[in-house]
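Working through the structure, step by step
Residues per chain are reported as follows:
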Amino acid sequence: NPVVTTQAFNRKNFKSAYVSIDLSYKNMLYWQSTYRRDWSSSLTYADGTGNNSYGYPATSLSWIFTETFKGLPSWISFGKLRANISELGKDTDPYLLNQGFAFNGYIYPNGGSNGIPTSTHSSSSTLQANIKPLKKLAREIGGEVRFLKNRIGLDFTYYKENSKNQLIPISTPGVTGVTSILLNAGNIQNSGIEIAIDGTPVKSENFTWSTALNYSRNRNK
């Protein structure tokens, strides 16, 4: 009997473009923006169509207000406010959009078998048309202040993130001929705050003691 060896490569192809810009003004205003765009084969249908392109725009702005207001009390060592917003994209696993078969064995000439060819996808599920890439939108604002020649510091951040177009299998009535459909659905939201306080109670020529306290809260919906 002939010996048959097969191998499947679970791979996909990416193409990307990226651009960035960084600007500063008088050591007190800083602006950074980036943009990246991906093209993924895993979101491309066999006929070449599909929502296979998605972008990653991001921008951030920070202001060191202690450089702007020179007349602040001497016990304020440093102060900064910051804000940023970004969007992320994500594709899916290879071959998910296109039905196919994998060779999992062979049949002996005189009868019997060593496995049979099977579908790469379950016959009891189907796909929504025009699958979209996952999209995540993140926003954040915060600030940092330091006092007493940087001996005490306070950092505060508020964030909110929303993830949409997730690929989720949804149950379907059995009379449809399939038990589930894979579609873009859902909106996962994470929001919360982060607070950090640090200090240096003791600082001498030969000994330094620094300590920090962190608090965070996240709400998931």
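Here we summarise the structure given alongside this text. (Residues numbered from 1 in each chain as written. Predicted model: local features only at pLDDT ≥ 70, side-chain atom pairs only at ≥ 80, totals over all residues. Heavy atoms only, no water.)

**Looking at the packing of aromatic side chains**
Summed over all chains, the structure comprises four aromatic pairs. Ring centres 5.9 Å apart and planes at 55 degrees place the aromatic pair Tyr 54 and Tyr 56 in the tilted group. With respect to class, Tyr 54 is no different from Tyr 56; both count as buried. Relative to Phe 147, the ring of Trp 75 lies with its centre 5.8 Å away and its plane at 25 degrees, an arrangement referred to as stacked. Note that Trp 75 is positioned in the loop between α1 (65-68) and β5 (76-90) and Phe 147 in strand β11 (residues 134-147), a separation of 72 residues in sequence. By relative accessible area, which is 46% here, Trp 75 ends up partly exposed. Here Phe 147 falls in the partly exposed class, since its relative accessible area comes to 22%. An aromatic cluster of at least three residues, connected via ring pairs, comprises Trp 63, Phe 65 and Phe 69. A cation over a ring is seen here: Arg 36 above Tyr 56, with NZ or CZ 4.8 Å from the ring centre. (Phe/Tyr/Trp six-rings, centres within 6.5 Å; stacked < 30°, edge-to-face > 60°. Buried < 20%, exposed > 50% of the residue type's maximum accessible area, 1.4 Å probe, protein only. Helix = DSSP H or I, 4+ residues; strand = E, 2+ residues; numbered from the N terminus. Lys NZ or Arg CZ within 6 Å of the ring centre and 35° of its normal.)

**Points about the pairing of strand β2 (residues 29-40)**
In terms of strand pairing, strand β1 (residues 14-25) meets β2 through 12 bridges, oriented antiparallel. Residue pairing for β2: Tyr 25 is matched across the bridge by Leu 29. Counting the residues in the hairpin turn of β1 and β2 gives three residues, including Lys 26, whose phi is positive at 50 degrees. Sheet analysis places β2 next to strand β4 (residues 58-63), joined by six bridges and oriented antiparallel. Note on β4: the bridge partner recorded for Tyr 30 is Ser 62. (Pairing = 2+ DSSP bridges.)

**Side note on the pairing of strand β13 (residues 180-203)**
Direction of pairing for strand β10 (residues 125-127) relative to β13: parallel, over a ladder of three bridges. Pairing of Leu 127 across the sheet is with Leu 182, part of β13. When strand β12 (residues 152-171) meets β13, the two strands line up antiparallel, connected through 19 bridges. Bridge pairing links Glu 161 to Asn 190 in β13. Bridge count between β13 and strand β14 (residues 208-220): 12 bridges; the pairing is antiparallel. Paired with Ile 197 across the bridge in β14 is Leu 213. Remark: four residues form the turn of the hairpin made by β13 and β14, two consecutive strands paired antiparallel.

**What to know about the side chain of Thr 157**
The residue Thr 157 is located in strand β12 in this model. Of note is the side chain of Thr 157, whose polar atom sits 2.7 Å from the side chain of Arg 82. With residues near it in sequence (within four places) discarded, Thr 157 still touches Arg 82, Glu 140, Ile 141, Gly 142, Gly 192, Ile 193 and Glu 194. (Polar contact = N/O pair within 3.5 Å; in protein donor to acceptor, adjacent residues only side chain to side chain. Contact = heavy atoms within 4.5 Å.)

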